[in-house]
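# Fold and contact review
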Protein chains: 2
Amino acid sequence: VRQIGRENWEPVYYNLNVRSKPRSRRVAARRVAILRSAAAAFRRRGFHGASVEAIARAVRMTKGNLYYYFADKEAILYACHDYSLGLALALMAAVRRSRQPPDRQLRRLIEGFVHLITDELHGSALTLELDALGPARRRRIVARRDRFDRGLRAILRRGIRQGVFVPGDAKLYGFAIMGAMNWIARWYDPAGPVSSNEIARTFADYLVRGLSVRPRATAPRTP
Amino acid sequence: VRQIGRENWEPVYYNLNVRSKPRSRRVAARRVAILRSAAAAFRRRGFHGASVEAIARAVRMTKGNLYYYFADKEAILYACHDYSLGLALALMAAVRRSRQPPDRQLRRLIEGFVHLITDELHGSALTLELDALGPARRRRIVARRDRFDRGLRAILRRGIRQGVFVPGDAKLYGFAIMGAMNWIARWYDPAGPVSSNEIARTFADYLVRGLSVRPRATAPRTP
């Protein structure tokens, strides 16, 4: 259990063919390592600019070896999206199950999602281009992404309805929140001076406060 | 003069070789049309995936014709960044010259920037990959982008110092704001139901309110 702000947040790991056998677990770990390498390469050079050779080299594999885990570059891109969305949807489910008030749920969701971005695949997968995917795979990713967006809007709408959040367009609020969070993948440096906990807390404070009818009078902590 | 929210905002157009001669003005307009087409193509397919042919076709030109305006694809990408940043920096200069209180300046900056994203190049240029640029061009773009970021942080720091904004890390607040705004390029549909004025107002309300020590008790307008 990881400590985030004043709350415990249990990270949920998406099941990537993890069965009980050690060999399967090794395969799953290898797949995730490939996805991390690929997500970084796609973000830096774009899908068309990133080569399977470079992705394989970064995890000390040959190209031929990598094809044991993924059929082609498109399959890797799909798995990047699928993996990240799996984590995001598991977070959403945990938050919504909690039955806390909407401002509390929004805070937990933002803190958890920021950690997904900073700690998993450096979040890049969630912001990658979708156009390189074939229509069937694309549809599946868009459907799962829509499910996440709907969950976020449901929390926002409930908050507005209960008078906890100021009135307004939940869809636009949701876009602002997702943009602020997804953008982290563009500037976050794991070796930099700001910890992922600080980012998570600052973003949650800022983005919940902006919607709250009765925000706290001052920031929760002076710097 | 365009009406934005409760403020008049004079859009400032970046000088793209616009001299007094009509021919030069035609050339400049043609260049901007190419940049719009290119920015859309780069966003959809990535720099490496977008072809000069497709960019030319979208503005009803031949590839050879397009090379009269730009030396190569990298020059187009550079011009996209340069054009967008010119508009953004002109907006920043106008806002900072105004000597208004920081919350008012931040509101004007957000409203103006959202309009840049929705109305100019569909903002995509500002979020495009930089890695495809050669080192000299890349340095120039990064330096101008840093200048914009420093301007935003200066407004935020002044607000914190004056007790208008809650204490906190101005750099992180700035990243949250830029992320929310830049992300608009990913979901905005000019033919969709939400106008750019509504987005500008909602984002300004939300993102200024989240920092304000004394936010307005309710939203400025019920939906």
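Please refer to the structure placed before this passage.
Residues numbered from 1 in each chain as written. Chains lettered and ligands numbered in written order. Predicted model: local features only at pLDDT ≥ 70, side-chain atom pairs only at ≥ 80, totals over all residues. Heavy atoms only, no water.

So, on to the overall build of chain A. Of the regular secondary structure elements, chain A holds 9 helices and 2 strands. Reading the secondary structure of chain A in the N-to-C direction produces β-β-α-α-α-α-α-α-α-α-α. Counting only carbon and sulfur atoms, one obtains 49% of the accessible surface of chain A, whose full area is about 10,400 Å². (Helix = DSSP H or I, 4+ residues; strand = E, 2+ residues; numbered from the N terminus. Areas by Shrake-Rupley, 256 points an atom, 1.4 Å probe, with all protein chains shown as cover.)

Next up on the list: the relation of the copies chain B and chain A. Superposing chain B onto chain A takes a rotation of 180 degrees plus a shift of 0.0 Å along the axis, which leaves an RMSD of 0.0 Å. Both copies are brought into coincidence by an operation consistent with a two-fold rotation axis. If distances are taken from each C-alpha of chain B to the rotation axis, the shortest is found for Gly210 of chain B, at 1.7 Å. Taken as a fraction of all interface residues of chain B, those also at the interface in chain A reach 98%, which identifies the copy contact as same-surface. (Least-squares fit on C-alpha atoms with pLDDT ≥ 70 in both. Contact = heavy atoms within 4.5 Å.)

This part takes up the packing of helix H5 (residues 102-119) of chain A against helix H9 (residues 196-209) of chain A. All names here are of chain A. At a closest axis distance of 9 Å, the pairing of H5 and H9 adopts a crossing angle of 145 degrees. When you trace H5 past H9, the crossing you get is right-handed. Facing H5, whose interface residues are Asp103, Leu106, Arg107, Ile110, Glu111, Val114, His115, Thr118 and Asp119, H9 presents Ser196, Asn197, Ile199, Ala200, Arg201, Phe203, Ala204, Asp205, Leu207 and Val208. Partitioned by chemical class, the residues of the contact of H5 with H9 number 9 nonpolar, 4 polar and 6 charged. (Axes fitted to C-alpha atoms, helices over the stretch in contact; angles between N-to-C directions. Left-handed = near helix turned anticlockwise from the far one by under 90°. Nonpolar A, V, L, I, M, F, W, Y, C, P; charged D, E, K, R; others polar.)

Listed per partner, the contact involves 43 residues of chain B and 42 residues of chain A. Both sides of the chain B and chain A interface together cover about 3,600 Å² of buried area, and 67% of this is carbon and sulfur. Looking only at chain B, the three residues that lose the most surface to chain A are Leu172, Trp183 and Tyr206 of chain B, adding up to 21% of its buried area. Here chain B is connected to chain A by 0 salt bridges. At the junction of chain B with chain A, the criterion picks out 6 residue pairs in polar contact (both at pLDDT 80 or more). Among the elements of the structure, helix H1 (22-49), helix H8 (170-182), helix H9 (184-187) and helix H10 (196-209) of chain B are those that each provide at least two residues to the side of chain B that touches chain A. With 9 residues, H8 of chain B is the largest single contributor of residues to the side of chain B that touches chain A. When its residues are assigned to classes, the side of chain B that touches chain A shows 23 nonpolar, 12 polar and 8 charged. (Buried area = accessible area lost by both parts, 1.4 Å probe. Salt bridge = Lys/Arg side-chain N within 4 Å of Asp/Glu carboxyl O. Polar contact = N/O pair within 3.5 Å; in protein donor to acceptor, adjacent residues only side chain to side chain.)

Another point: helix H6 (residues 135-161) of chain A. Residue and element names in this part refer to chain A. With 27 residues, H6 should reach 39 Å at 1.5 Å per residue; the first-to-last C-alpha distance of 37 Å fits that figure. Three or more residues of H6 are buried, namely Ile141, Arg144, Phe148, Asp149, Gly151, Leu152, Arg153, Ile155, Leu156 and Gly159. Those residues of H6 that are buried lie in contact with helix H4 (73-97), H5 and helix H7 (170-182). (Expected span 1.5 Å × (residues − 1). Buried < 20%, exposed > 50% of the residue type's maximum accessible area, 1.4 Å probe, protein only.)

A separate point is the pattern of salt bridges. Summed over all chains, the structure comprises 14 salt bridges over all chains. For Asp82 of chain A, the salt bridge goes to Arg140 of chain A, with nearest N and O atoms at 3.8 Å. Remark: Arg140 of chain A occurs in helix H6 and Asp82 of chain A occurs in helix H4; sequence separation between them is 58 residues. Residues Asp205 of chain B and Arg107 of chain B are paired through a salt bridge, measuring 2.4 Å at the closest nitrogen-oxygen approach. Pair noted here: Asp205 of chain B is in helix H10 and Arg107 of chain B is in helix H5 (residues 102-119), with a separation of 98 residues, a long-range link. A single network of salt bridges, built from pairs that share partners, joins Arg107, Glu111, Arg201 and Asp205 of chain A.

Generally speaking, nonpolar side chains in soluble globular proteins are found buried as a group. Counting residues in each nonpolar core, the largest one holds 141 residues, and the members touching the most others are Phe203 of chain A together with Phe203 of chain B. Sequence-distant contacts of Phe203 of chain B, that is, excluding residues within four places in its chain, are made with Leu172, Phe175 and Ala176 of chain A together with Ile110, Val114, Ala180, Met181, Ile184 and Trp187 of chain B. (Core = buried A, V, L, I, M, F, W, Y, C linked by side-chain atoms within 4.5 Å.)

Before going further, it helps to examine a positive patch on the surface. Residues Arg43, Arg44, Arg45, Arg145 and Arg186 of chain A together with Arg43, Arg44, Arg45, Arg145 and Arg186 of chain B make up a contiguous surface patch of positive charge. Elements with a minimum of two residues in the positive patch: helix H1 (22-49) of chain A together with H1 of chain B. By the secondary structure assignment, Arg186 of chain A is in helix H8 (residues 184-187). Under the relative-accessibility criterion, Arg186 of chain A is labelled partly exposed at 38%. (Patch = residues over 30% accessible without salt bridge, like charges linked within 9 Å, V, L, I, M, F, W, Y side chains within 5 Å. Lys, Arg positive; Asp, Glu negative; His and termini not counted. Charge placed at Lys NZ, Arg CZ, Asp CG, Glu CD.)

This model, assessed by the stated rule, comprises 11 aromatic pairs over all chains. Among the aromatic residues, ring-to-ring pairing joins Phe175 of chain A together with Trp187 and Phe203 of chain B into one connected group. When the ring centre of Phe175 of chain A is taken as origin, the NZ or CZ atom of Arg153 of chain A, which lies over that ring, is 5.5 Å away. (Phe/Tyr/Trp six-rings, centres within 6.5 Å; stacked < 30°, edge-to-face > 60°. Lys NZ or Arg CZ within 6 Å of the ring centre and 35° of its normal.)

With that out of the way, let us pick up the environment of Leu172 of chain B. Mapped onto the elements of the fold, Leu172 of chain B is located in helix H8. Separated by 19 residues in the primary sequence, Leu172 of chain B and Arg153 of chain B place their C-alpha atoms 9.3 Å from one another. If we ignore the near neighbours within four places in the chain, the residues touching Leu172 of chain B are Trp187, Val194, Glu198, Ile199, Thr202 and Phe203 of chain A.

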